[in-house]
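Summary of structural features
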Amino acid sequence: PQMFIFHNVTITVPENFTQCTTHGSFVQHWQETLYNMFTFACLFLLPLIIMIFCYTRILVEISSRMARNNLLSRDVHLRRSHNNIPKARMRTLKMSIVIVTSFIVCWTPYYLLGLWYWLFPEKMEETVSHSLTHMLFIFGLFNACLDPITYGLFTVRLHQGLKRCCRTANTQTDLENNTCLVHMTRFSSQRHYASGAHETHKEMIDDTCTNNCSRPIIPVSKM
(Lines give C-alpha, C1' and ligand atoms only; values in the text may rest on other atoms or scores of the structure.)
Protein backbone atom coordinates (compact mmCIF):
# COMPACT_ATOMS: atom_id res chain seq x y z
CA PRO A 1 0.00 0.00 0.00
CA GLN A 2 2.88 2.42 0.57
CA MET A 3 3.50 2.56 -3.18
CA PHE A 4 0.11 4.23 -3.70
CA ILE A 5 -0.26 6.16 -0.44
CA PHE A 6 3.15 7.81 0.02
CA HIS A 7 4.06 10.77 -2.19
CA ASN A 8 6.36 13.79 -2.13
CA VAL A 9 5.05 16.84 -0.34
CA THR A 10 6.89 20.16 -0.61
CA ILE A 11 6.47 23.10 1.73
CA THR A 12 7.98 26.56 1.40
CA VAL A 13 7.18 28.04 4.83
CA PRO A 14 9.19 28.50 6.96
CA GLU A 15 11.73 27.08 4.46
CA ASN A 16 11.80 24.93 1.36
CA PHE A 17 11.44 21.29 2.42
CA THR A 18 10.38 18.10 0.61
CA GLN A 19 9.35 14.87 2.31
CA CYS A 20 7.77 11.54 1.29
CA THR A 21 4.67 11.26 3.46
CA THR A 22 1.00 10.19 3.55
CA HIS A 23 -0.26 13.72 4.11
CA GLY A 24 -3.21 14.43 1.83
CA SER A 25 -3.62 10.81 0.68
CA PHE A 26 -6.73 10.13 2.79
CA VAL A 27 -10.05 11.88 2.29
CA GLN A 28 -11.38 11.08 5.75
CA HIS A 29 -9.72 10.39 9.08
CA TRP A 30 -11.10 6.86 9.45
CA GLN A 31 -9.28 5.84 6.26
CA GLU A 32 -5.96 6.87 7.75
CA THR A 33 -6.82 5.10 11.01
CA LEU A 34 -7.70 1.93 9.09
CA TYR A 35 -4.42 2.09 7.19
CA ASN A 36 -2.44 2.58 10.39
CA MET A 37 -4.18 -0.38 12.03
CA PHE A 38 -3.38 -2.45 8.95
CA THR A 39 0.33 -1.60 9.21
CA PHE A 40 0.23 -2.26 12.99
CA ALA A 41 -1.24 -5.72 12.38
CA CYS A 42 1.15 -6.60 9.55
CA LEU A 43 4.35 -5.26 11.11
CA PHE A 44 3.82 -6.10 14.77
CA LEU A 45 0.98 -8.50 15.55
CA LEU A 46 1.43 -10.86 12.60
CA PRO A 47 5.22 -11.36 13.05
CA LEU A 48 4.71 -11.86 16.79
CA ILE A 49 2.03 -14.51 16.20
CA ILE A 50 4.17 -16.26 13.57
CA MET A 51 7.21 -16.35 15.86
CA ILE A 52 5.23 -17.71 18.80
CA PHE A 53 3.55 -20.31 16.57
CA CYS A 54 6.78 -21.49 14.93
CA TYR A 55 8.80 -21.77 18.14
CA THR A 56 5.92 -23.51 19.87
CA ARG A 57 5.79 -26.06 17.05
CA ILE A 58 9.55 -26.60 17.37
CA LEU A 59 9.27 -27.16 21.13
CA VAL A 60 6.32 -29.51 20.69
CA GLU A 61 8.24 -31.52 18.07
CA ILE A 62 11.30 -31.82 20.30
CA SER A 63 9.14 -32.82 23.28
CA SER A 64 7.35 -35.48 21.24
CA ARG A 65 10.68 -36.91 20.10
CA MET A 66 11.85 -37.00 23.69
CA ALA A 67 8.74 -38.89 24.76
CA ARG A 68 9.08 -41.29 21.82
CA ASN A 69 12.72 -41.97 22.58
CA ASN A 70 12.02 -42.53 26.26
CA LEU A 71 9.40 -45.12 25.38
CA LEU A 72 11.47 -46.91 22.77
CA SER A 73 14.87 -46.84 24.43
CA ARG A 74 14.90 -48.91 27.58
CA ASP A 75 18.56 -49.72 27.38
CA VAL A 76 20.89 -47.50 29.37
CA HIS A 77 23.22 -47.12 26.42
CA LEU A 78 20.41 -45.91 24.17
CA ARG A 79 19.22 -43.48 26.79
CA ARG A 80 22.70 -42.04 27.07
CA SER A 81 22.85 -41.61 23.31
CA HIS A 82 19.74 -39.41 23.42
CA ASN A 83 20.91 -37.09 26.18
CA ASN A 84 21.42 -34.29 23.67
CA ILE A 85 17.65 -33.99 23.00
CA PRO A 86 16.78 -32.42 26.40
CA LYS A 87 19.67 -30.00 25.95
CA ALA A 88 18.36 -29.06 22.50
CA ARG A 89 14.88 -28.50 23.90
CA MET A 90 16.15 -26.30 26.72
CA ARG A 91 18.36 -24.33 24.32
CA THR A 92 15.47 -23.84 21.90
CA LEU A 93 13.17 -22.77 24.73
CA LYS A 94 15.64 -20.16 25.96
CA MET A 95 16.30 -18.89 22.45
CA SER A 96 12.56 -18.61 21.75
CA ILE A 97 11.94 -16.66 24.93
CA VAL A 98 14.83 -14.27 24.22
CA ILE A 99 13.81 -13.65 20.60
CA VAL A 100 10.13 -13.05 21.36
CA THR A 101 10.96 -10.90 24.39
CA SER A 102 13.44 -8.77 22.45
CA PHE A 103 10.88 -8.23 19.67
CA ILE A 104 8.21 -7.17 22.17
CA VAL A 105 10.55 -4.94 24.17
CA CYS A 106 11.97 -3.19 21.10
CA TRP A 107 8.75 -2.57 19.15
CA THR A 108 6.02 -2.24 21.79
CA PRO A 109 6.90 1.32 22.95
CA TYR A 110 6.92 2.62 19.38
CA TYR A 111 3.61 1.03 18.43
CA LEU A 112 1.94 2.08 21.67
CA LEU A 113 2.99 5.62 20.88
CA GLY A 114 1.70 5.09 17.35
CA LEU A 115 -1.68 3.89 18.59
CA TRP A 116 -1.87 6.94 20.77
CA TYR A 117 -1.08 9.18 17.82
CA TRP A 118 -3.48 7.41 15.47
CA LEU A 119 -6.40 7.67 17.86
CA PHE A 120 -5.63 10.99 19.59
CA PRO A 121 -3.13 12.90 17.44
CA GLU A 122 -3.62 16.31 19.05
CA LYS A 123 -3.08 15.10 22.63
CA MET A 124 -0.06 13.06 21.62
CA GLU A 125 1.65 15.98 19.85
CA GLU A 126 1.13 18.19 22.89
CA THR A 127 2.61 15.63 25.27
CA VAL A 128 5.38 13.78 23.38
CA SER A 129 8.21 15.41 21.45
CA HIS A 130 9.19 14.32 17.96
CA SER A 131 12.71 13.44 19.10
CA LEU A 132 11.31 10.80 21.47
CA THR A 133 9.29 9.33 18.61
CA HIS A 134 12.39 9.03 16.44
CA MET A 135 14.36 7.48 19.32
CA LEU A 136 11.68 4.84 19.90
CA PHE A 137 11.62 4.05 16.18
CA ILE A 138 15.41 3.60 16.12
CA PHE A 139 15.12 1.43 19.25
CA GLY A 140 12.62 -0.75 17.38
CA LEU A 141 14.99 -1.12 14.44
CA PHE A 142 17.67 -2.23 16.87
CA ASN A 143 15.76 -5.53 17.15
CA ALA A 144 17.05 -6.53 13.72
CA CYS A 145 20.60 -6.28 15.10
CA LEU A 146 19.80 -8.39 18.15
CA ASP A 147 18.43 -11.41 16.26
CA PRO A 148 21.75 -12.55 14.68
CA ILE A 149 23.51 -12.10 18.02
CA THR A 150 20.84 -14.18 19.75
CA TYR A 151 21.03 -16.96 17.17
CA GLY A 152 24.81 -16.98 17.43
CA LEU A 153 24.83 -17.16 21.22
CA PHE A 154 22.45 -20.11 21.29
CA THR A 155 23.69 -22.07 18.27
CA VAL A 156 27.45 -21.51 18.16
CA ARG A 157 29.25 -23.31 20.95
CA LEU A 158 31.24 -20.40 22.30
CA HIS A 159 32.91 -22.33 25.10
CA GLN A 160 34.31 -24.92 22.71
CA GLY A 161 35.31 -22.17 20.31
CA LEU A 162 37.16 -20.30 23.03
CA LYS A 163 38.84 -23.49 24.22
CA ARG A 164 39.82 -24.29 20.65
CA CYS A 165 41.25 -20.81 20.14
CA CYS A 166 43.18 -21.03 23.41
CA ARG A 167 44.39 -24.50 22.49
CA THR A 168 45.52 -23.26 19.07
CA ALA A 169 47.30 -20.30 20.64
CA ASN A 170 49.02 -22.56 23.17
CA THR A 171 50.03 -24.96 20.40
CA GLN A 172 51.52 -22.14 18.36
CA THR A 173 53.38 -20.88 21.43
CA ASP A 174 54.74 -24.34 22.11
CA LEU A 175 55.81 -24.70 18.49
CA GLU A 176 57.56 -21.34 18.63
CA ASN A 177 59.28 -22.29 21.88
CA ASN A 178 60.34 -25.65 20.47
CA THR A 179 61.61 -23.97 17.32
CA CYS A 180 63.64 -21.50 19.39
CA LEU A 181 64.98 -24.36 21.51
CA VAL A 182 65.98 -26.32 18.40
CA HIS A 183 67.74 -23.29 16.97
CA MET A 184 69.53 -22.64 20.25
CA THR A 185 70.56 -26.31 20.46
CA ARG A 186 71.86 -26.26 16.91
CA PHE A 187 73.69 -23.02 17.56
CA SER A 188 75.28 -24.36 20.76
CA SER A 189 76.26 -27.61 19.03
CA GLN A 190 77.79 -25.65 16.18
CA ARG A 191 79.73 -23.52 18.67
CA HIS A 192 80.83 -26.64 20.52
CA TYR A 193 81.89 -28.23 17.26
CA ALA A 194 83.74 -25.08 16.24
CA SER A 195 85.49 -24.82 19.59
CA GLY A 196 86.37 -28.53 19.44
CA ALA A 197 87.79 -28.10 15.98
CA HIS A 198 89.70 -25.08 17.17
CA GLU A 199 91.14 -27.05 20.11
CA THR A 200 92.03 -29.95 17.80
CA HIS A 201 93.72 -27.58 15.42
CA LYS A 202 95.60 -25.99 18.31
CA GLU A 203 96.72 -29.41 19.60
CA MET A 204 97.94 -30.30 16.12
CA ILE A 205 99.95 -27.09 16.01
CA ASP A 206 101.34 -27.76 19.49
CA ASP A 207 102.29 -31.33 18.53
CA THR A 208 103.96 -30.09 15.41
CA CYS A 209 105.82 -27.48 17.35
CA THR A 210 106.85 -30.03 19.98
CA ASN A 211 108.08 -32.50 17.38
CA ASN A 212 109.97 -29.84 15.59
CA CYS A 213 111.44 -28.48 18.79
CA SER A 214 112.56 -31.95 19.96
CA ARG A 215 114.76 -32.44 16.89
CA PRO A 216 118.42 -31.36 17.22
CA ILE A 217 119.24 -28.10 15.61
CA ILE A 218 122.08 -28.45 13.16
CA PRO A 219 124.30 -25.43 12.91
CA VAL A 220 124.47 -23.80 9.56
CA SER A 221 128.23 -23.95 9.50
CA LYS A 222 128.24 -27.75 9.78
CA MET A 223 125.71 -28.04 6.99
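As recorded in an unreviewed UniProt entry, the protein goes by the name Gonadotropin releasing hormone receptor 4, listed as coming from Tetraodon nigroviridis. You can read under Subcellular location (unreviewed entry) in the UniProt record for the protein the words "Cell membrane".

Brief notes about the UniProt feature "transmembrane region" (unreviewed entry) in the protein
Per the UniProt record, the feature "transmembrane region" (unreviewed entry) sits at residues 37-60, 97-120 and 132-154. Strand forms 0% of residues 97-120 and helix 96%; the C-alpha atoms that close the span are 33 Å apart. End C-alpha atoms of residues 132-154 are separated by 33 Å, and the span's content is 96% helix alongside 0% strand.

Concerning the pattern of salt bridges
Considering all chains together, one arrives at 1 salt bridge under this definition. In this structure, Arg65 engages Glu61 in a salt bridge whose closest nitrogen and oxygen atoms are separated by 3.2 Å. Taken together, the positions of Arg65 and Glu61, both in helix 2 (residues 29-72) and 4 residues apart, correspond to about one turn of that helix.

Concerning the environment of Ile58
Here Ile58 shows up in helix 2. Taking relative accessible area as the criterion, Ile58 reaches 37% and is therefore assigned partly exposed. Here the alpha-carbon distance between Ile58 and Thr92, two residues 34 residues apart in the chain, equals 7.9 Å.

Here's the deal with the layout of surface pockets
Looking at the largest pocket, its volume works out to about 1,300 Å³. Every residue lining the largest pocket is counted, 35 residues in all, and those nearest its centre are Thr22, Asn36, Tyr110, Tyr117 and Trp118. Elements represented by at least two residues in the lining of the largest pocket include exactly strand 2 (17-21), helix 2, helix 4 (84-119), helix 5 (121-127) and helix 6 (130-141). No other element matches helix 2, which puts 9 residues into the lining of the largest pocket. Here the residues of the lining of the largest pocket are counted per class, giving 18 nonpolar, 15 polar and 2 charged.

Comments concerning the packing of aromatic side chains
One pass over the full model with this rule turns up 10 aromatic pairs. Relative to Tyr35, the ring of Phe26 lies with its centre 5.7 Å away and its plane at 35°, an arrangement referred to as tilted. Measuring from ring centre to ring centre gives 5.6 Å for Phe40 and Phe44, while their planes differ by 20°; the resulting arrangement is stacked. With Phe40 and Phe44 both in helix 2 and 4 residues apart, the pair spans about one turn of that helix. An identical accessibility class is assigned to Phe40 and Phe44; each is buried. Through a chain of ring-to-ring contacts, the aromatic side chains of Phe40, Phe44, Phe103, Trp107, Tyr110, Tyr111 and Phe137 assemble into a single cluster. It is Lys123 that lies over the ring of Phe120; its NZ or CZ is 5.4 Å from the centre.

Comments concerning a nonpolar patch on the surface
On the surface, a nonpolar cluster with roughly 360 Å² of combined accessible area is contributed by Met37, Trp116, Leu119 and Phe120. Secondary-structure assignment places Phe120 in the loop between helix 4 and helix 5. Accessibility expressed as a relative area gives 46% for Phe120, which makes it partly exposed.

A closer look at the side chain of Thr39
If you trace the backbone, Thr39 turns up in helix 2. Relative accessible area serves as the criterion here: at 12%, Thr39 is assigned to the buried category. Excluding its chain neighbours within four sequence positions, the residues that come into contact with Thr39 are Gln2, Phe44 and Trp118.

Re the environment of Ala41
Relative to the helices and strands, Ala41 resides in helix 2. Residue classification places Ala41 among the partly exposed positions, given a relative accessible area of 30%. For Ala41, the contacting residues outside a window of four places in its chain are Leu46 and Pro47.

Digging into the side chain of Ser102
Among the structural elements, Ser102 can be located in helix 4. Look at Ser102 and you get buried, because its relative accessible area is 12%. Separated by 3.5 Å, the side chains of Ser102 and Asn143 make a polar contact.

The rules behind each value
Residues numbered from 1 in each chain as written. Predicted model: local features only at pLDDT ≥ 70, side-chain atom pairs only at ≥ 80, totals over all residues. Heavy atoms only, no water. UniProt positions renumbered as here; feature names shortened; annotations may be inferred. Helix = DSSP H or I, 4+ residues; strand = E, 2+ residues; numbered from the N terminus. Salt bridge = Lys/Arg side-chain N within 4 Å of Asp/Glu carboxyl O. Buried < 20%, exposed > 50% of the residue type's maximum accessible area, 1.4 Å probe, protein only. 1 Å grid on protein atoms, 1.4 Å probe; cavity = no way out; pocket = protein on both sides within 12 Å on 5 of 7 lines; lining within 4 Å. Points joined across faces, edges and corners; volume = space filled by probe spheres on them. Nonpolar A, V, L, I, M, F, W, Y, C, P; charged D, E, K, R; others polar. Phe/Tyr/Trp six-rings, centres within 6.5 Å; stacked < 30°, edge-to-face > 60°. Lys NZ or Arg CZ within 6 Å of the ring centre and 35° of its normal. Patch = residues over 30% accessible without salt bridge, like charges linked within 9 Å, V, L, I, M, F, W, Y side chains within 5 Å. Areas by Shrake-Rupley, 256 points an atom, 1.4 Å probe, with all protein chains shown as cover. Contact = heavy atoms within 4.5 Å. Polar contact = N/O pair within 3.5 Å; in protein donor to acceptor, adjacent residues only side chain to side chain.

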